[in-house]
Amino acid sequence: LWTIPILMRNGIKVSSSIRRLRHPDGTLFPGKPFRWQAGRNEMWEFPLASARVGGISLHYAGSGHFRLLPDFMIQYFTRKADYNMYYFHPRDFDDNPQRSPRLSPLRNFKNAFRTKSALRRLEKLIEKNDFISLSEALNRLKDYEKITLPGNIPAP
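First, a word on what this report is: a plain description of the structure on this page.

Conventions and cut-offs
Residues numbered from 1 in each chain as written. Predicted model: local features only at pLDDT ≥ 70, side-chain atom pairs only at ≥ 80, totals over all residues. Heavy atoms only, no water. Phe/Tyr/Trp six-rings, centres within 6.5 Å; stacked < 30°, edge-to-face > 60°. Helix = DSSP H or I, 4+ residues; strand = E, 2+ residues; numbered from the N terminus. Buried < 20%, exposed > 50% of the residue type's maximum accessible area, 1.4 Å probe, protein only. Lys NZ or Arg CZ within 6 Å of the ring centre and 35° of its normal. Core = buried A, V, L, I, M, F, W, Y, C linked by side-chain atoms within 4.5 Å. Contact = heavy atoms within 4.5 Å. 1 Å grid on protein atoms, 1.4 Å probe; cavity = no way out; pocket = protein on both sides within 12 Å on 5 of 7 lines; lining within 4 Å. Points joined across faces, edges and corners; volume = space filled by probe spheres on them. Nonpolar A, V, L, I, M, F, W, Y, C, P; charged D, E, K, R; others polar. Salt bridge = Lys/Arg side-chain N within 4 Å of Asp/Glu carboxyl O.

### Points about the packing of aromatic side chains
- One pass over the full model with this rule turns up 10 aromatic pairs.
- Centre to centre, the rings of F66 and Y86 are 6.4 Å apart; their planes meet at 85 degrees, and the pair counts as edge-to-face. Here F66, found in helix α2 (residues 63-68), pairs with Y86, found in the loop between α3 (71-80) and α4 (105-112); they are 20 residues apart in sequence, far enough to count as distant. Each member of the pair F66 and Y86 is classed as buried.
- Ring centres 5.4 Å apart and planes at 50 degrees place the aromatic pair F109 and F113 in the tilted group.
- Through a chain of ring-to-ring contacts, the aromatic side chains of Y60, F66, Y76, F77, Y86, F88, F93 and F131 assemble into a single cluster.
- One Lys or Arg, R121, reaches over the ring of F66 and ends 4.8 Å from the middle of that ring.

### Regarding the nonpolar core
- Ranked by size, the top nonpolar core spans 11 residues in total: A49, A51, Y60, A61, F66, L69, I74, F77, Y86, L122 and L125.
- Discounting residues that sit within four places of it in the chain, A61 has contacts with A49, M85, Y86 and Y87.

### Re the layout of surface pockets
- Estimated volume of the largest pocket: approximately 620 Å³.
- As for the largest pocket, its lining consists of 25 residues, of which Y83, N84, M85, I132 and A137 are closest to the centre.
- Among the secondary structure elements, those contributing two or more residues to the lining of the largest pocket are α3, α5 (115-128) and α6 (134-140).
- Its residues assigned to classes, the lining of the largest pocket comprises 16 nonpolar, four polar and five charged.

### Here we look at the pattern of salt bridges
- All told, the structure shown has five salt bridges when counted by the stated rule.
- Measuring nitrogen to oxygen at the nearest pair gives 2.7 Å for the salt bridge that ties K32 to D82. Of this pair, K32 sits in the loop between β1 (14-15) and β2 (34-38) while D82 sits in the loop between α3 and α4, placing them 50 residues apart in sequence.
- Under the relative-accessibility criterion, K32 is labelled partly exposed at 36%.
- Note that D92 is salt-bridged to R67, the shortest N-O span being 3.0 Å. Here D92 is found in the loop between α3 and α4, whereas its partner R67 is found in helix α2, with 25 residues between them in sequence. Each member of the pair, D92 as well as R67, carries the same accessibility label: buried.
- In this structure, a network of salt bridges that share partners links the residues D71, R121 and K124.

Have a look at this one:
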């Protein structure tokens, strides 16, 4: 949460920086778009998509989570949800990822896992589902919930 005021202070108006987090008072932040508000500053937040499996929140919509999970699970969670925010890094599609001696063997493995098939898998996901751009999503937003930054987080 400490990043939110920094983003706002630097003029960022749209973010997808959080997963389904808990507010310091214990309540869950929304799992759909909402606006951060601090004074006169506002920023739209598009939280990363996740699904509840048992008592666990499973992130499926991007990057390593997308590469790790099998296609049938990705398709199932995508179709079941009424909101999906997918995100990717360029390295997710690098068919020859570089290994770093500064990272652990496990981290290097995770960074390289299924990168060769990620683009093909994303193309299949797009073919089977309807997606819109972030710009289009912003145009469709109406009165989503406003969330005031918690008092222990400095306003921008």
